[in-house]
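Structural features, examined
Take a look at the letters that make up each chain.
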Amino acid sequence: MIIKTAEFITSSSDYKQCPSEEHLEYAFIGRSNVGKSSLINMLTQHKKLAKISSAPGKTQLINHFLINENWYLVDLPGYGYAKVSKNKREKFSKLNKDYILKREQLMLLFVLIDIRLEPQKIDLEFMEWLGEKRIPFTMLFTKADKLSSSKINKNKIAYQKKMLERWEIMPPYFVTSAVDKRGREEVLNYIDQLNEAKE
Ligand code: GTP
Ligand code: MG
């Protein structure tokens, strides 16, 4: 898929404030600092579309970006950052959960996972919650530029093994990097196919 246009539309502090257009949308979620905003910029080839920070907790609202005047990419606040106050964490968690459960236009969630780390409890629990709620999701491993290909393989296998303790099959996944752009074509084509299937 070719990205012709990508524009920031709005930030919402509640799913009810999200844009009313009926475009399909794809949302990015994952731990704070995992690289959600960076990946959105990589996919759209806009350096500053979504705001990035080395300090976790940067994205605090639901951000809608309109792509090719036809579908939305959605940047969600990260979960699980200890240094954000408990109060704020609960607010983000409610914001995300309401959005995930109630947003009818949501076509698919991309759950971002840092490929460098061993499977994290918070991610496993979040994906289990999605499973219980029957929310379709695809995993995106991030920051692959930071590891050798053998280490990527090793960590991927470890993740698969962990997932298969709870899941009958491994959910679909892609390996990505916002730095070297790996995974870009695959993820965009995947979205393209889902868009077409809905048309
Ligand atoms: P919050 O909005 O705080 O939830 O974080 P986020 O998930 O949106 O992460 P963000 O995109 O702001 O990136 C966090 C940090 O990781 C930044 O310093 C990025 O430059 C870095 N980063 C993100 N993606 C990659 C990647 O693919 N490779 C490398 N090497 N660094 C990355
Ligand atoms: Mg962000």
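See above for the structure.
Per chain, residue numbering runs from 1 following the sequence as it is written. Going through the entries in the order they are written, you letter the chains from A and number the ligands from 1. Two thresholds apply to this predicted model, a pLDDT of at least 70 for residue-level local features and 80 or more for giving and counting side-chain atom pairs, whereas whole-chain, interface and lining totals are computed over all residues. Only hydrogens and water are set aside when side-chain values are computed; all heavy atoms of the structure are taken into account.

Residues are counted as near a molecule or strand when any one of their heavy atoms sits within 4 Å of it. Taken together, 22 residues lie near ligand 1, and Lys-36, Ser-38, Gly-57, Asp-145 and Ala-178 sit nearest. Between ligand 1 and Lys-36 there is a distance of 2.7 Å, counted from an oxygen atom to a side-chain nitrogen or oxygen. As used in this structure description, the phrase polar contact means that two N or O atoms lie within 3.5 Å; if the pair is within protein, one of them must be able to donate a hydrogen and the other to accept it, and residues adjacent in sequence are counted only when both atoms belong to side chains. Separating an oxygen atom of ligand 1 from a side-chain N or O atom of Ser-38 is a distance of 2.6 Å. For the accessible areas, the method is Shrake-Rupley and the probe is 1.4 Å, while residue cover comes only from the protein chains on display. In isolation ligand 1 has 650 Å² of accessible area, and contact with the protein removes 87% of it.

This paragraph deals with the pairing of strand S2 (residues 24–30). Burial classes follow relative accessibility: with a 1.4 Å probe on protein chains only, a residue under 20% of its type's maximum area counts as buried, one over 50% as exposed, and anything between as partly exposed. Helix and strand assignments follow DSSP, with helices taken as H or I runs no shorter than four residues and strands as E runs no shorter than two, numbered in order from the N terminus. Buried residues dominate S2, accounting for six of its seven residues. In terms of strand pairing, S2 meets strand S4 (residues 71–75) through five bridges, oriented parallel. Among the inter-strand pairings, Glu-25 is bridged to a residue of S4, identified as Tyr-72. Looking at chain direction, S2 and strand S5 (residues 106–114) are connected through six bridges and run parallel. Within S5, the residue paired with Tyr-26 across the bridge is Leu-108. Only strands that DSSP links by at least two bridges are regarded as paired with each other.

Spatial ordering of the open sheet is given by S1-S3-S4-S2-S5-S6-S7, a layout of seven strands whose pairing is mixed. Of all strands in the sheet, those with a lone pairing partner are strand S1 (6–12) and strand S7 (173–175), marking the two edges. Along the sheet, successive strands turn relative to each other by an average axial angle of 25°, direction set aside. In this description, a line fitted to the C-alpha atoms serves as the axis of each element, helices being fitted only across the stretch in contact, and the angle between N-to-C directions of two axes falls anywhere from 0 to 180 degrees.

What follows deals with the nonpolar core. Tyr-99, Ile-100, Leu-109, Val-111, Phe-126, Leu-130 and Met-139 are the most contacted members of the largest nonpolar core, which has 34 residues in total. Counting only elements with at least two residues in this core, the list comes to S2, strand S3 (62–67), S4, helix H2 (86–102), S5, helix H3 (121–132), strand S6 (137–142) and helix H4 (149–163). In terms of residue count, the dominant contributor to this core is H3 (five residues). In this structure Leu-130 touches Ile-100, Leu-109, Val-111, Ile-135 and Phe-137, once residues within four positions along its chain are discounted. Only buried residues count toward a nonpolar core, which is a set of Ala, Val, Leu, Ile, Met, Phe, Trp, Tyr and Cys residues joined through side-chain atoms within 4.5 Å. If you look at the next biggest cluster of nonpolar residues, it comprises 26 residues, including Ala-6, Phe-65, Leu-73 and Met-107. Note on contacts: a residue pair qualifies if any of its non-hydrogen atoms lie within 4.5 Å across the two residues.

Moving on, we come to helix H5 (residues 184–198). Given a helix with a known number of residues, its expected span is that number minus one, times 1.5 Å. With 15 residues, H5 should cover 21 Å at 1.5 Å per step; its first-to-last C-alpha distance of 22 Å lies within 8% of that length. If you check which residues of H5 are buried, you get Arg-184, Val-187, Leu-188, Tyr-190, Ile-191 and Asn-195. All buried residues of H5 fall inside an arc of 155° around its axis, so they share one side. Structural note: H5 exposes Gln-193, Glu-196 and Ala-197 on the side pointing more than 90 degrees away from its buried face. Along its buried surface, H5 packs onto S2, helix H1 (36–44), S4, S5, S6 and S7. Picture the helix axis, draw a direction to every C-beta atom, and the arc is the one those directions span.

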